[in-house]
Amino acid sequence: GRIQNSTDIKTVVAALDERNTLCAGEEMSSISEDSSDALSIYDKRKDTAVFTPFASVNHAIGSLQGGDMIVLAGSTGGGKTCFMLNLAIGIAKSGKRVDIFSLEMPKYQLNQRIICSETGIDAKKFRTFGLTEEDRITYKEYSETELKKLNINIYPKQTVTIDEVKRIVLKSKADIVFINYLGLINGYESKGTYDKFSNISRDIKLLAMASNKPIVALHQLNRDFQQRDDKRPKLSDLRDSGKIETT
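An account of the accompanying structure is given in this report. Please read these numbers as outputs of a predicted model, since none were measured by experiment.

Details of the pattern of salt bridges
For step 1, the next point in the chain: The tally for this structure, following the rule as stated, stands at 7 salt bridges.
For step 2, the next point in the chain: Its salt-bridge partner being R97, residue D175 comes within 3.4 Å of it at the nearest N-O pair. Placement of the pair is D175 in the loop between α9 (162–171) and β5 (176–180) and R97 in the loop between α4 (80–93) and β2 (98–102), with a sequence separation of 78 residues.
For step 3, the next point in the chain: Since its relative accessible area comes to 33%, R97 is described here as partly exposed.
For step 4, the next point in the chain: E146 is paired through a salt bridge with K149; the nearest N and O atoms lie 3.2 Å apart. With a gap of 3 residues between them, E146 and K149 both fall in helix α8 (residues 146–149), about one helical turn apart.
For step 5, the next point in the chain: Given the relative accessible area of 59%, K149 is considered exposed.
For step 6, the next point in the chain: Among the ionic contacts, a cluster of salt bridges with common partners joins D163, K166 and D203.

Encoded structure:
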């Protein structure tokens, strides 16, 4: 129909500008394009793939690869941090570089856990102040020798925003990143809980792809699953999950 006034003209111009902007983006391409690159990509991913120290885990998932976001979930006190450290230690021993955002536990406590795990010192002795002289010697020797061989770096603060995580990971030379845990990352505070975790989990997935690193994020399970007869966790049991399960 005929344009009646200046308001109609502005509306049409705005619509055309929007259309031109959309048309200026990437076009669809044939599935056959770049298909010959698949084997070279395979070789590169083979070199950068990260295997866990557990054969059963490797059998189940293959390997951890750049672009992967893995959610390691469990109930409170269920051993998530312990399992994360076992993964980190084993991966570091294989020669890979590991970054850890420890938002739930200070660095010195992670050091204690790693050293106790590797030396056999009872970690409870640090809470009961029951270290023997032999324990002290063993602890000091490991911290001054073997611990330095593990290429594990720990973020020193217990508060971090999603933007800080992005900046650090993109600059890091680590082969894999652990975040303990997802619910303690700050960001999108104006959003509701569901939308906040949806946005943060999506950002982490995109970060894994942009940095070409696997990112393992620890997260809590809702307590409700413990009331079921079948206590095997489901994706829907992720606490305040937002869209974590679809990431």
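Quick notes on the sheet that holds β2
For step 1, the next point in the chain: Pairing in this open sheet of 5 strands is parallel, and the strands run β1-β7-β5-β2-β3 from one edge to the other. The outermost strands of the open sheet, each flanked by one partner alone, are β1 (69–74) and β3 (152–155). Adjacent strand axes in the sheet meet at a mean angle of 20°, parallel and antiparallel pairs treated alike.
For step 2, the next point in the chain: By the bridge criterion, 4 bridges tie β2 to β3 in an arrangement that is parallel. Counted as the bridge partner of V98 is I152 from β3.
For step 3, the next point in the chain: In the packing of α9 onto the sheet, the strands contacted are β2, β3 and β5, and the crossing angle to β2 comes to about 165°.

A few points about the packing of α4 against helix α5 (residues 107–119)
The packing of two helices is summarised by the inter-axis angle and the distance between the axes.
For step 1, the next point in the chain: For the pair α4 and α5, interaxial distance at closest approach is 11 Å and the crossing angle is 70°. By the angle between their directions, the pair α4 and α5 is classed as roughly perpendicular. You can see that α4 and α5 cross each other, and the crossing is right-handed. Of the residues in α5, those touching α4 at T81, C82, L85, N86, I89 and K93 are L110, R113, I114, S117 and E118.
For step 2, the next point in the chain: Considered class by class, the residues forming the contact of α4 with α5 number 5 nonpolar, 3 polar and 3 charged.

As for the pairing of strand β7 (residues 215–220)
For step 1, the next point in the chain: Extensive coverage of β7 is indicated by the burial of 6 of its 6 residues.
For step 2, the next point in the chain: The two faces of β7 match: I215, A217 and H219 on one face and V216, L218 and Q220 on the other face are all buried.
For step 3, the next point in the chain: With 6 bridges joining them, β1 and β7 adopt parallel strand pairing. Residue pairing for β7: A73 is matched across the bridge by H219.
For step 4, the next point in the chain: For β5 and β7, the ladder comprises 3 bridges, and the chain directions are parallel. Of the residues in β7, the one forming a bridge with I179 is A217.

The rules we used
Counting from 1, residues in each chain are numbered in the order their sequence is written. With the structure being a predicted model, the display of local features is reserved for residues of pLDDT at least 70 and the display and counting of side-chain atom pairs for 80 or more, all residues being used for whole-chain, interface and lining totals. Hydrogens and water molecules were not included; the side-chain quantities draw on all heavy atoms of the structure. Every case where a carboxyl oxygen of Asp or Glu lies within 4 Å of a side-chain nitrogen of Lys or Arg is listed as a salt bridge. Put simply, DSSP marks the helices as runs of H or I at least four residues long and the strands as runs of E at least two long, and each gets a number from the N terminus on. We call a residue buried when its accessible area falls under 20% of the maximum for its residue type, exposed when it is over 50%, and partly exposed in between, using a 1.4 Å probe and counting protein chains only. A strand pair is defined by DSSP finding two or more bridges across the two strands. The axes are straight lines fitted to the C-alpha atoms, using for helices just the contacting stretch, and the angles between their N-to-C directions are given from 0 to 180°. Working rule for contacts: check all heavy atoms of both residues, and any pair within 4.5 Å makes them a contact. Roughly parallel refers to an angle under 35 degrees, roughly antiparallel to one over 145, roughly perpendicular to one between 65 and 115, and oblique to any angle outside these ranges. Definitions for this section: a left-handed crossing has its near helix turned counterclockwise from the far helix by less than a right angle. A right-handed crossing has that turn clockwise. All residues other than Ala, Val, Leu, Ile, Met, Phe, Trp, Tyr, Cys, Pro, Asp, Glu, Lys and Arg, Gly among them, are scored as polar; the first ten of these are nonpolar and the last four charged.

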